Amino acid sequence: MNHNVKYYKVNIFITLGLFIFFFLLILVPFIGALDTKEGFGSYITMSIMICVPILLMCIYYVVRYTYYKKVSLKYIQEVKLEKTYPFFNHMSGFVVAMNINGSMRKIDTKAIYSSSMFTILSLDEFIGEVVEVGYDEKNDVAVIIRKV
């Protein structure tokens, strides 16, 4: 299982948990009022405002998880993770030098690593490590498969 699969799989469970939590949190106050037109309308409005964006995030994670679970990686090689690039909200990715079609190219990984305390894939755990990496031609990204 490559790191992208692990990242998206955990995020599917987190967003599903959030969806269920907020769905129930919205449902409980409206249980008595669901039989009235105003109560039902308020419930639907609140559900759409809060639950639909969370559900859309979950769908996004399922699509990405499915893609990276089935992706056929090419040019699999061992590289040392040294250089990172920053991304939104404490997320970072790695820049790796890969031999692709006989020439060295700098390829980014997905920014799925974090230095925060609550993280799925810790940035500190991978800096300076030798890992096995594959190349996803469709998205032009390097995918970390495992530590060597």
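The structure contained in this document is the topic of the report that follows.

What counts, and where the lines are drawn
- Residues numbered from 1 in each chain as written.
- Predicted model: local features only at pLDDT ≥ 70, side-chain atom pairs only at ≥ 80, totals over all residues.
- Heavy atoms only, no water.
- Salt bridge = Lys/Arg side-chain N within 4 Å of Asp/Glu carboxyl O.
- Helix = DSSP H or I, 4+ residues; strand = E, 2+ residues; numbered from the N terminus.
- Buried < 20%, exposed > 50% of the residue type's maximum accessible area, 1.4 Å probe, protein only.
- Contact = heavy atoms within 4.5 Å.
- Pairing = 2+ DSSP bridges.
- Phe/Tyr/Trp six-rings, centres within 6.5 Å; stacked < 30°, edge-to-face > 60°.

**Let's talk about the pattern of salt bridges**
Following the criterion strictly, the structure yields 4 salt bridges and no others. Put simply, Arg-105 and Asp-140 hold a salt bridge, and the shortest N to O gap is 3.0 Å. Here the residue Arg-105 occupies a position in strand β4 (residues 103–108), and Asp-140 occupies one in the loop between β6 (130–136) and β7 (141–147), the gap between them amounting to 35 residues. With a relative accessible area of 37%, Asp-140 lands in the partly exposed category.

**Focus: the side chain of Ser-47**
With respect to the secondary-structure elements, Ser-47 resides in helix α2 (residues 37–70). The contacts of Ser-47, once residues within four sequence positions are left out, are Ile-26 and Val-52.

**Focus on the pairing of strand β2 (residues 83–86)**
As paired strands, β2 and strand β3 (residues 91–100) are joined by 4 bridges and run antiparallel to one another. Its bridge partner being in β3, Tyr-85 is matched across the sheet by Gly-93. What sits between the antiparallel neighbours β2 and β3 is a turn of 4 residues, in which Asn-89 has the positive phi angle 55°.

**As for unusual backbone geometry**
Excluding glycine, a negative phi dihedral is what most residues carry, and trans is how most peptide bonds are arranged. Even without glycine at this site, Asn-101 takes up a positive phi of about 55°. With respect to the secondary-structure elements, Asn-101 resides in the loop between β3 and β4. Of note in this structure, Asp-140 is not a glycine but carries a positive phi near 55°.

**Quick word on the packing of aromatic side chains**
Counted under the stated rule, the structure contains 11 aromatic pairs. Here Tyr-8 and Tyr-61 contribute two aromatic rings whose centre-to-centre distance is 6.1 Å and whose plane-to-plane angle is 40°, an arrangement assigned as tilted. Of this pair, Tyr-8 sits in helix α1 (residues 3–30) while Tyr-61 sits in helix α2; the two residues are 53 residues apart in sequence, bridging distant segments of the chain. Considered together, Tyr-8 and Tyr-61 belong to a single accessibility category, that of buried residues. Their ring planes at 10° and their centres at 6.0 Å tell us that Tyr-8 and Tyr-68 sit as a pair that is stacked. Here Tyr-68 lies in helix α2 and Tyr-8 lies in helix α1, a separation of 60 residues in the sequence. Classification of Tyr-68 as buried rests on a relative accessible area of 1%.

Interpretation note: all reported values are geometric properties and have no functional meaning in isolation.
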